[in-house]
Amino acid sequence: AAGVIQSPRHLIKEKRETATLKCYPIPRHDTVYWYQQGPGQDPQFLISFYEKMQSDKGSIPDRFSAQQFSDYHSELNMSSLELGDSALYFCASSPTKGWGTEAFFGQGTRLTVV
Amino acid sequence: GESVGLHLPTLSVQEGDNSIINCAYSNSASDYFIWYKQESGKGPQFIIDIRSNMDKRQGQRVTVLLNKTVKHLSLQIAATQPGDSAVYFCAENPPRNQGGKLIFGQGTELSVKP
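Procedures and definitions
- The numbering scheme is per chain: residues are counted from 1 as the chain's sequence reads.
- Each chain takes a letter, starting from A, and each ligand takes a number, starting from 1, following the order in which they are written.
- Two thresholds apply to this predicted model, a pLDDT of at least 70 for residue-level local features and 80 or more for giving and counting side-chain atom pairs, whereas whole-chain, interface and lining totals are computed over all residues.
- Hydrogens and water are ignored here; the side-chain numbers use all heavy atoms of the structure.
- Per the convention used, a helix needs a DSSP run of H or I reaching at least four residues, while a strand needs a run of E reaching at least two, with both numbered from the N terminus.
- Our radius of gyration looks at C-alpha atoms and nothing else; its globule reference is 2.2 Å times the residue count to the power 0.38.
- Only protein chains enter the accessibility calculation, which uses a 1.4 Å probe; a residue whose area is less than 20% of its type maximum is buried, one above 50% is exposed, and one in between is partly exposed.
- Contact definition: two residues touch when any of their heavy atoms are within 4.5 Å.
- Computed with the Shrake-Rupley method and a 1.4 Å probe, the accessible areas treat only the protein chains shown as cover for residues.
- By buried area we mean how much accessible surface two parts lose on assembly, using a 1.4 Å probe and totalling the loss over both.
- The salt bridge criterion pairs a side-chain nitrogen of Lys or Arg with a carboxyl oxygen of Asp or Glu, the two atoms within 4 Å.
- All amino acids are sorted into three groups, where Ala, Val, Leu, Ile, Met, Phe, Trp, Tyr, Cys and Pro are nonpolar, Asp, Glu, Lys and Arg are charged, and the leftover types, Gly among them, are polar.
- Paired strands, as defined in this entry, are two strands with at least two bridges between them according to DSSP.
- Think of each axis as a best-fit line through the C-alpha atoms, taken over the contacting stretch in the case of a helix, with angles from 0 to 180 degrees between the N-to-C directions.
- Grid points spaced at 1 Å and placed over the protein atoms alone form the basis of the search, with a cavity being a set where a 1.4 Å probe fits but cannot get out and a pocket an open set showing protein on both sides within 12 Å along at least five of seven lines. Lining residues have an atom within 4 Å of a point.
- Grid points are joined across faces, edges and corners, and a volume is the space filled by probe spheres set on the points.
- Any cysteine sulfur atom paired with another within 2.5 Å is treated as part of a disulfide.

Engineer: Can you walk me through the overall build of chain A in this structure?
Structural biologist: The helix and strand tally for chain A stands at zero helices and 11 strands. The linear arrangement of helices and strands in chain A, starting from the amino end, is β-β-β-β-β-β-β-β-β-β-β. Here the C-alpha atoms of chain A give a radius of gyration of 13 Å, agreeing with the 13 Å that 2.2 N^0.38 yields for 114 residues. Counting only C-alpha atoms and orienting by the principal axes, one finds that chain A spans roughly 35 × 25 × 20 Å. Per-residue burial for chain A yields a buried fraction of 49% across its 114 residues. Counting only contacts in chain A whose residues sit at least 6 apart along the sequence, the fraction spanning at least 24 positions is 54%. Total accessible area on chain A is roughly 5,300 Å²; 49% of this is exposed by carbon and sulfur atoms.

Right, dumping it as structure tokens:
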């Protein structure tokens, strides 16, 4: 079965650079969530989209922006990267605007800022 | 809420023993809860869920207990196996009128000794 695809899996950037993380949801899933997970920490909600519109916003820095495209994939754009942005970034997709047994997480993108 | 520190609580058990992992959630209005398993470098994987109108739910080798009075969840794993070694997170889903995000609690690292 198709899963949530995230790319790239690993990314190394220097401070003040920009990064773009991509998330391809499971087919027919219209909701995407983005989470940031620092080392040894729980995932922190960043932002979500439902039917290509932002549906909820969490602790996402102003330096970050995201959108969901017409094919439902989503991109998280990160600018002026800081060392503290180093983390695992997960996206999850769901067939409805909510969670349940059909919502799945991707394998994540590990971002390292040096 | 935000997690503090970089050290997860750890539970170490012997193979074949039962494991109990506890979690406190924050929002008394949350009506849906999920336990996730996260292996190193991977995304959270759904284990079992429970709705707020229930206080117990059983799956294969896992049981979730919900105590709404004290906002407490527990995950019981029967006959723990080495493959169960991972970090376990509980997550709460506030009502839809409070946004659709999933809020993760602090994880617990389960270590199973063969």
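So, next bit.
Engineer: Help me understand the interface of chain A and chain B in this model?
Structural biologist: Accessible area lost on assembly of the parts is the figure often given for the size of an interface. The partner chain B presents 27 residues to the 23 residues of chain A that form the contact. Regarding the contact of chain A and chain B, the summed buried area is about 2,000 Å², with carbon and sulfur atoms giving 53% of it. Three residues stand out in chain A for area buried against chain B, namely Asp42, Trp99 and Phe105 of chain A, and they jointly supply 28% of the buried area on that side. Our enumeration of links across chain A and chain B arrives at one salt bridge. As a salt-bridge pair, Asp56 of chain A and Lys101 of chain B come within 3.3 Å of each other at their nearest N and O atoms. Of all the elements, strand 4 (residues 31–37) of chain A adds the most residues to the side of chain A that touches chain B, at three residues. Taken together, the residues that form the side of chain A that touches chain B break down as eight nonpolar, 10 polar and five charged.

Engineer: Would you explain the sheet that holds strand 1 (residues 5–7) of chain A in this entry?
Structural biologist: All names here are of chain A. Spatial strand order, 1-3-8-7: four strands in an open sheet with antiparallel pairing. Single-partner strands in this sheet number two, and they are strand 1 and strand 7 (64–68). Ignoring which end each strand starts from, the neighbouring axes of this sheet average 15 degrees apart.

Engineer: Just to check I follow, could you spell out the layout of surface pockets for this structure?
Structural biologist: Gaps between atoms show up when a probe of the same size as a water molecule is rolled over them. Within this model, the largest pocket holds a volume of roughly 380 Å³. Every element with two or more residues in the lining of the largest pocket is listed here: strand 9 (87–94) and strand 11 (109–113) of chain A together with strand 8 (86–93) and strand 10 (108–113) of chain B. Grouping the amino acids of the lining of the largest pocket by side-chain chemistry returns nine nonpolar, 10 polar and three charged.

Engineer: Help me out: how do you make sense of the state of the cysteines in this one?
Structural biologist: All names here are of chain B. In this structure the tally under the stated criterion is two disulfides over all chains. Linked covalently through their sulfurs, Cys23 and Cys90 form a disulfide whose S-S length is 1.5 Å. Highlighted residues: Cys23 in strand 2 (residues 19–24) and Cys90 in strand 8, separated in sequence by 67 residues. Judged by its relative accessible area of 6%, Cys23 is buried.

Engineer: Can you walk me through the pattern of salt bridges in this structure?
Structural biologist: Oppositely charged side chains may form a pair once their charged atoms are brought near each other. All names here are of chain A. Under the counting rule described, the total for this entry stands at seven salt bridges over all chains. The partner of Asp85 in a salt bridge is Arg63, and the shortest N-O contact between them spans 2.9 Å. A residue pair is termed long-range when its members are at least 10 positions apart, and Asp85 in the loop between strand 8 (74–78) and strand 9 and Arg63 in the loop between strand 6 (53–57) and strand 7 qualify at 22 residues. Overall, the relative accessible area of 4% leaves Asp85 in the buried class. A single salt-bridge network, built from bridges that share partners, covers Arg63, Glu82 and Asp85.

Engineer: Would you explain the environment of Ile77 of chain B in this entry?
Structural biologist: Within the element layout of this structure, Ile77 of chain B appears in strand 7 (residues 72–77). The sequence separation of Ile77 of chain B and Asn18 of chain B amounts to 59 residues, and the corresponding C-alpha distance is 5.6 Å.

Engineer: Would you mind going over the sheet that holds strand 7 of chain B with me for this structure?
Structural biologist: Sheets are built from strands paired through backbone hydrogen bonds, the pairs being either parallel or antiparallel. Residues and elements named next belong to chain B. Pairing within the open sheet is antiparallel, and its four strands lie in the order 2-7-6-5. Strand pairing shows two members of the sheet lacking a second neighbour, strand 2 and strand 5 (56–58), which therefore form its edges. The mean angle between the axes of side-by-side strands here comes to 15 degrees, regardless of whether they run parallel or antiparallel.

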